[in-house]
Number of protein chains: 4
Amino acid sequence: MNSRSLGLLRDGGRGNDAAILQAALEAFGAKGFHGASMRDIARGAGTSLSNLYNYFPSKSDVLAELLRMANDELLARITEAVNAAGEEPPDRLSAAVRAHVAFVVDHQIASLVALTEVRYLAGVARTNVVAARDSTQSIYEKIVAAGAASGQFRTPYPDDAARNIVSMCSAISTWYRPGGRLSKRELGEQHARYALALLEAELPG
Amino acid sequence: MNSRSLGLLRDGGRGNDAAILQAALEAFGAKGFHGASMRDIARGAGTSLSNLYNYFPSKSDVLAELLRMANDELLARITEAVNAAGEEPPDRLSAAVRAHVAFVVDHQIASLVALTEVRYLAGVARTNVVAARDSTQSIYEKIVAAGAASGQFRTPYPDDAARNIVSMCSAISTWYRPGGRLSKRELGEQHARYALALLEAELPG
Amino acid sequence: MNSRSLGLLRDGGRGNDAAILQAALEAFGAKGFHGASMRDIARGAGTSLSNLYNYFPSKSDVLAELLRMANDELLARITEAVNAAGEEPPDRLSAAVRAHVAFVVDHQIASLVALTEVRYLAGVARTNVVAARDSTQSIYEKIVAAGAASGQFRTPYPDDAARNIVSMCSAISTWYRPGGRLSKRELGEQHARYALALLEAELPG
Amino acid sequence: MNSRSLGLLRDGGRGNDAAILQAALEAFGAKGFHGASMRDIARGAGTSLSNLYNYFPSKSDVLAELLRMANDELLARITEAVNAAGEEPPDRLSAAVRAHVAFVVDHQIASLVALTEVRYLAGVARTNVVAARDSTQSIYEKIVAAGAASGQFRTPYPDDAARNIVSMCSAISTWYRPGGRLSKRELGEQHARYALALLEAELPG
DNA sequence: AATGAATGAGATTTCATTCAT
DNA sequence: GATGAATGAAATCTCATTCAT
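Since we're looking at a predicted model, the values are computed, not measured. (Residues numbered from 1 in each chain as written. Chains lettered and ligands numbered in written order. Predicted model: local features only at pLDDT ≥ 70, side-chain atom pairs only at ≥ 80, totals over all residues. Heavy atoms only, no water.)

Side note on the overall build of chain A
We count it as follows: Only runs of H or I of at least four residues qualify as helices and only runs of E of at least two qualify as strands under DSSP, and these elements are numbered from the N terminus. What the globule rule says is 2.2 Å times the number of residues to the power 0.38, and the radius of gyration is computed from C-alpha atoms. The cut-offs for exposure are 20% and 50% of the maximum accessible area for each residue type, with area from a 1.4 Å probe on protein chains only; residues under the lower value are buried, those over the upper are exposed, and the others partly exposed. Contacts are assigned to residue pairs with any non-hydrogen atoms lying within 4.5 Å of each other. Each accessible area is a Shrake-Rupley result for a 1.4 Å probe, and residues are judged covered by the shown protein chains and nothing else.
The helix and strand inventory of chain A stands at 10 helices and 0 strands. Helices and strands in chain A line up, N terminus first, as α-α-α-α-α-α-α-α-α-α. Taking 2.2 N^0.38 as the reference for a compact globule, 205 residues should give roughly 17 Å; the C-alpha atoms of chain A span a radius of gyration of 18 Å, in line with that estimate. Overall, the C-alpha framework of chain A stretches about 60 × 40 × 30 Å when taken along its three principal axes. In chain A, which comprises 205 residues, the share counted as buried stands at 52%. Relative to all contacts within chain A whose residues are 6 or more apart in sequence, the contacts with residues 24 or more apart total 73%. Surface summary for chain A: the accessible area is close to 9000 Å², and the carbon and sulfur share equals 51%.

Pasting the structure below:
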């Protein structure tokens, strides 16, 4: 078990699934969905290949469950942070970005997999995951729209700004390694400032 | 052949390679490196499976060649644009971003593949591609450093800003569809402004 | 439970076996012995996979029991009918065919499975089933021989006729659907006439 | 190669398919469609497992091709025999049965597989095979109808007689072994007589 | 009796690659 | 250059069966 993912899996795992999902996460993170085999996952989970199918009907379902959990948790964290942040759009935006960055740092592999492997989902699973992702982005969009309306965000391009902020936060999962130059908190502060600057908000200092 | 990719492939192809590379590009773009098969590529290129091996020694080499060409072209375009932009860091940065966005729009699939499939390269091929990518990012870093030194970019975090600007530009490849709301030029303007704002530069208007 | 099979299973089942055997019958009928899985049977019987093994030591044993029951019942019905039919070979033959047809109609799926899946039995189970089948055919053969000896059946090929009569009756299981053009009784009359005609017996009308 | 099947496969095989089809025929005949594995077929054909897929896209397609060939050949033989038999229904019926029996004897395994494994086909393949089978039966039905109309067949049940005649001929594949008591020709004569008797035709002798 | 978890063997199919022509 | 045939390895998934509870 990888401590960086523990919380995510404790939430969603209903017992033995956890080991499988954790192994799948690591396999998909290291080799991608198609590059990782069910054998890899079984090996990582310390069980037999065929036993995987007592828990998940297919490899795709494993990925789907993983992404569902990751997106749900991200959405929950951002929602909670924004709700606790008061009414001012800049405060709300900062809170969202800080929560977002913290999630990516806490669940780096899950974030990476969610970013890069959605495309291999099909059908309902894909629809659901995309919907959850859209919900997250829509939180940003509402904050940006409010700040644009109030004149606190002066960017001439408020409509597309949210997408770029999400991109910046998600991209952290592609390069972040624990023990880097900046702490989780510092990374959050930094990206909150980048986001506010991008929106052309009034900045301290 | 897809006109969006023509330039890229005409530059690098030594004749018949072009059809194979173009087919590989589409296959990797649609299904990912491991999801696309050599058979897919052969079918797309209108040739036989075994004939592919007269042009490329392995599937990995096809990907390597594709990424080499894409990164070289991107690097060339940005270098040229920056050199033509005069001495002022804000001008140079705008030029870089505009060229970058134009490249992503012109070669969307290649940009996407370059973004998402590098991880499946190994050995020298990977080293080379990563080096080219680093060269590109380093152009941004130098401009940012110059602007920070001159006081034109007032962000307290100049060291990590370049990476975020590159992320924003690259991310366009993940959602852009031709015929969207903004033209290629508008998209370039928009992202140039986002970049300058993020750097906390003086902005017009 | 399928009413067409109830009698068959009530006779042989020692309680809970019935549901399993009935489910197996339907599964084997629909997908064949190798095409149907123990999981299919468990699902159909409304029990767990592993519980099947409390009733039958193996999948083959399920089939063996099914065929044993079907052949025993057929043999019993024909024997009884023939015994009640008096001494005249034509009467005895008609009675056998009518009973045979009635059995096939009453237990269509069981008849079909008995016809097509015997080949997947091995060892004693196969031997027993084949013996029961031979007993049935031998009843026909004795009647035919008696009628040939008495001059009532004038076919020049009495020795192989019984097999063909059995074939005709068995084949009903491959096409019969309840609610067809002819009733069970009419089907029996029809086939009795076909059989007597084939034997070149004197026919009414 | 099994000489009993040579003709059938020489007709339809376009080169290397023949060995695969012959091996498949023997495997399906011995173990049934689901009981025989692609490995069995590869072994029988003296090639590798994966090479099978250069000839047939799936196991089902192998079966489909086999049944198509068998039914086409049977239909062709019966058609030809009937056409050569003149106008009299009894003559035409005898010719059909003799040709039918000869085919079953010549291609016993193919006949058996065609009889017992059609059910494992699906989609168009099944539709086509069933159509070919219906064509064959319809030849018998037309002859029977003509003979009934002319008064030469006096059975009160002409409508269902054809099916029973076909059943009798097909059933030969389930028990016939070369070198049996009766020669191919004798078996044909015998079954022609059975068929005419069943139809209550005027019989010699 | 009944169950859920587990497993080794094996199923079909696809893969990247090679080779003779 | 180009092809068709071939192959070993590996992919996903299913199977009948066992075992601890």
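After presenting the structure, the write-up continues.
Some details on the protein's contact with DNA strand F
Threshold: Definition of nearness: a residue and a molecule or strand are near each other if at least one heavy atom of the residue lies within 4 Å of the molecule or strand. Identification of polar contacts relies on pairs of N or O atoms within 3.5 Å, with a donor-acceptor requirement for protein atoms, meaning one able to donate a hydrogen and the other able to accept it, and with residues adjacent in sequence counted only if both atoms are side-chain atoms. Classification convention: Asp, Glu, Lys, Arg as charged; Ala, Val, Leu, Ile, Met, Phe, Trp, Tyr, Cys, Pro as nonpolar; all other residues, Gly among them, as polar.
Surveying the vicinity of DNA strand F reveals 32 residues, the closest of which are Ser50 and Tyr55 of chain B, Lys59 of chain C together with Ser50 and Tyr55 of chain D. Within 4 Å of the protein, the atoms of DNA strand F are drawn from sugar and phosphate moieties in a proportion of 54%. Take Lys59 of chain C: an N or O atom from its side chain is 2.6 Å from a phosphate oxygen of DNA strand F. Between Asn51 of chain D and DNA strand F, the recorded distance is 3.0 Å, taken from a side-chain N or O atom to a phosphate oxygen. Elements with a contribution of two residues or more to the surface near DNA strand F: helix H3 (38–45) and helix H4 (49–52) of chain A together with helix H3 (38–45) of chain C. When grouped by side-chain class, the residues that make up the surface near DNA strand F number 10 nonpolar, 18 polar and 4 charged.

Quick word on the interface of chain A and chain B
Reports of interface size often rely on the accessible area that becomes lost once the parts have come together. Here is the rule: Two parts placed together each lose some accessible area; with a 1.4 Å probe, that loss summed over both constitutes the buried area. Salt bridges are defined by distance alone: a side-chain nitrogen of Lys or Arg within 4 Å of a carboxyl oxygen of Asp or Glu.
Counting residues at the interface gives 33 residues for chain A and 33 residues for chain B. At the boundary of chain A with chain B, total buried surface from both sides reaches about 2700 Å², with 51% on carbon and sulfur atoms. It is Arg119, Tyr157 and Tyr194 of chain A in chain A that bury the most area against chain B; as a group they hold 23% of the surface buried on that side. Across the contact surface, chain A and chain B share 6 salt bridges. Note that Arg193 of chain B is salt-bridged to Glu200 of chain A, the shortest N-O span being 2.7 Å. On the surface where chain A and chain B come into contact, there are 16 residue pairs in polar contact (both at pLDDT 80 or more). Here the side of chain A that touches chain B gets 8 residues from one element, more than from any other, and that element is helix H9 (residues 158–175) of chain A. The residue inventory of the side of chain A that touches chain B, partitioned by class, reads 14 nonpolar, 10 polar and 9 charged.

Some points on unusual backbone geometry
Residue and element names in this part refer to chain A. Even without being glycine, Glu200 reaches a positive phi, approximately 60°. Turning to its location among the elements, Glu200 is positioned in the segment after helix H10 (184–198). Overall, the relative accessible area of 9% leaves Glu200 in the buried class.

So, the protein's contact with DNA strand E
Around DNA strand E, the structure places 32 residues, and the nearest of them are Tyr55 of chain A, Lys59 of chain B, Ser50 and Tyr55 of chain C together with Met38 of chain D. Sugar plus phosphate, as a fraction of atoms of DNA strand E within 4 Å of the protein: 52%. Between DNA strand E and Ser50 of chain C there is a distance of 2.6 Å, counted from a base oxygen to a side-chain nitrogen or oxygen. At the level of secondary structure, the elements contributing two or more residues to the surface near DNA strand E comprise H4 of chain A, helix H3 (38–45) of chain B together with helix H3 (38–45) of chain D.

Topic: the nonpolar core
Within soluble globular proteins, side chains that are nonpolar generally end up buried alongside one another. Quick reminder of the rule: Note on terminology: a nonpolar core comprises buried Ala, Val, Leu, Ile, Met, Phe, Trp, Tyr and Cys residues joined through side-chain atoms within 4.5 Å.
By size, the foremost hydrophobic cluster in this structure holds 128 residues, and its most contacted members are Phe28, Leu93 and Tyr140 of chain C together with Phe28, Leu93 and Tyr140 of chain D. Here Phe28 of chain C is in contact with Phe33, Ala36, Ile41, Lys59, Val62, Leu63, Leu66, Val113 and Glu117 of chain C together with Arg119 of chain D, once residues within four sequence places are set aside.

With respect to the relation of the copies chain A and chain B
In this arrangement, two copies of a chain are superimposed by a rotation about an axis accompanied by a shift along the axis. To be explicit about the condition: A least-squares fit on C-alpha atoms brings the copies together, and the residues used are those whose pLDDT is at least 70 in both copies.
In screw terms, the move from chain A to chain B is a rotation of 180° and a rise of 0.0 Å along the axis, fitting with an RMSD of 0.1 Å. Those values place the two copies in the arrangement expected of a two-fold rotation axis. Of the C-alpha atoms belonging to chain A, the one lying closest to the rotation axis is found on Leu198 of chain A, 2.2 Å away. In this assembly the copies share their binding face: 100% of the residues contributing to the interface of chain A also contribute to that of chain B.

Section: the environment of Val166 of chain B
Residues and elements named next belong to chain B. Note that Val166 resides in helix H8 (residues 158–175). Relative accessible area serves as the criterion here: at 15%, Val166 is assigned to the buried category. Put simply, Val166 and Phe33 are 133 residues apart on the chain and 23 Å apart in space, counted from C-alpha to C-alpha. With residues up to four places along the chain from it excluded, the contact list for Val166 reads His100, Gln137 and Tyr140.

Observations concerning the UniProt feature "DNA-binding region" (unreviewed entry) in chain A
To keep it simple, the criterion reads: UniProt positions are given in the numbering used here, feature names are shortened, and annotations may be inferred rather than shown by experiment.
With numbering aligned to this structure, UniProt lists the feature "DNA-binding region" (unreviewed entry) at residues 37–56 of chain A. Taken as a whole, residues 37–56 of chain A contains 60% helix and 0% strand, while its terminal C-alpha atoms sit 14 Å from one another.

A word on the packing of helix H2 (residues 17–31) of chain B against H3 of chain B
Residues and elements named next belong to chain B. Applied cut-off: Geometry is summarised by axes, namely lines fitted to C-alpha atoms with helices restricted to the contacting stretch, and by angles between N-to-C directions that run from 0 to 180 degrees. Each angle gets one of four labels, with under 35 degrees taken as roughly parallel, over 145 as roughly antiparallel, 65 to 115 as roughly perpendicular, and the rest as oblique. By convention the crossing between two helices is left-handed if the near helix lies anticlockwise of the far one by an angle smaller than a right angle, and right-handed if it lies clockwise.
One way to put it is that H2 packs onto H3 with a least axis distance of 8 Å and a crossing angle of 130°. It follows that H2 is oblique to H3 by the angle criterion. For H2 against H3, the interelement crossing comes out right-handed. Between H2 and H3, the residues in contact are Ala19, Ile20, Ala23, Ala24, Ala27, Phe28 and Lys31 and Asp40, Ile41, Gly44 and Ala45, respectively. The class makeup of the residues in the contact of H2 with H3 is 8 nonpolar, 1 polar and 2 charged.

Details of the packing of aromatic side chains
We apply this condition: The aromatic pairing rule takes the rings of Phe, Tyr and Trp, using the six-membered ring of Trp, and pairs them if the centres are within 6.5 Å, calling planes under 30 degrees apart stacked, those over 60 edge-to-face and the rest tilted. Charges are assigned to positions over rings by a cutoff of 6 Å between ring centre and Lys NZ or Arg CZ, combined with an angular limit of 35 degrees from the ring normal.
Evaluation of the coordinates by the stated rule reveals 16 aromatic pairs over all chains. An aromatic cluster of at least three residues, connected via ring pairs, comprises Phe28, Phe33 and Tyr120 of chain A. The side chain of Arg163 of chain D reaches across the aromatic face of Trp175 of chain C, ending 3.5 Å from its centre.

Topic: helix H7 (residues 123–150) of chain B
Residues and elements named next belong to chain B. Stated formally: One less than the residue count of a helix, multiplied by 1.5 Å, gives the span that helix is expected to have.
For H7, built from 28 residues, the straight-helix expectation of 40 Å at 1.5 Å per residue is met to within 8% by its first-to-last C-alpha distance of 40 Å. Looking only at H7, the buried set comprises Val129, Ala132, Thr136, Ile139, Tyr140, Ile143, Val144 and Gly147. Among the residues trailing H7, Gly151 stands out with phi positive, at a value near 85°.

Things to note about the pattern of salt bridges
All names here are of chain A. Tallied over the entire structure, the rule returns 52 salt bridges over all chains. Here Arg154 makes a salt bridge to Glu202, at a shortest N to O gap of 3.3 Å. Of this pair, Arg154 sits in the loop between helix H8 (123–150) and H9 while Glu202 sits in the segment after H10, and the two are 48 residues apart along the sequence. The exposure class assigned to Arg154 is partly exposed, which follows from its relative accessible area of 47%. A salt bridge links Arg163 to Asp160; its shortest N-O distance comes to 3.4 Å. Of the two residues, Arg163 and Asp160 both sit in helix H9, 3 residues apart, roughly one turn of that helix. Taken together, the shared-partner salt bridges connect Glu73, Arg77, Asp106 and Lys184 into one network.

Description of empty space enclosed by the protein
Under the convention used in this document: The rule is simple: put a 1 Å grid over the protein atoms alone, call a set of points where a 1.4 Å probe fits but cannot get out a cavity, call an open set with protein on both sides within 12 Å along at least five of seven lines a pocket, and count a residue as lining if it has an atom within 4 Å of a point. Grid points are joined across faces, edges and corners, and a volume is the space filled by probe spheres set on the points.
Summed over all chains, the structure comprises 4 cavities of 30 Å³ or more. Within this model, the largest cavity holds a volume of roughly 40 Å³. If you trace the largest cavity, you find it lined by Thr116, Glu117, Arg119 and Tyr120 of chain C together with Thr116, Glu117, Arg119 and Tyr120 of chain D.

Let's talk about helix H9 (residues 184–198) of chain C
For H9 of chain C, which comprises 15 residues, the first-to-last C-alpha distance of 21 Å matches the rise-based estimate of 21 Å (1.5 Å per residue) to within 8%. Burial within H9 of chain C is extensive, with 11 of its 15 residues counted as buried. Inspection of H9 of chain C places Leu187, Gly188, Gln190, His191, Ala192, Arg193, Tyr194, Ala195, Leu196, Ala197 and Leu198 of chain C among the buried residues, and these make up the whole buried set. On the buried face of H9 of chain C, the contacting elements are helix H5 (89–106) and helix H8 (158–175) of chain C together with helix H8 (158–175) and helix H9 (184–198) of chain D.

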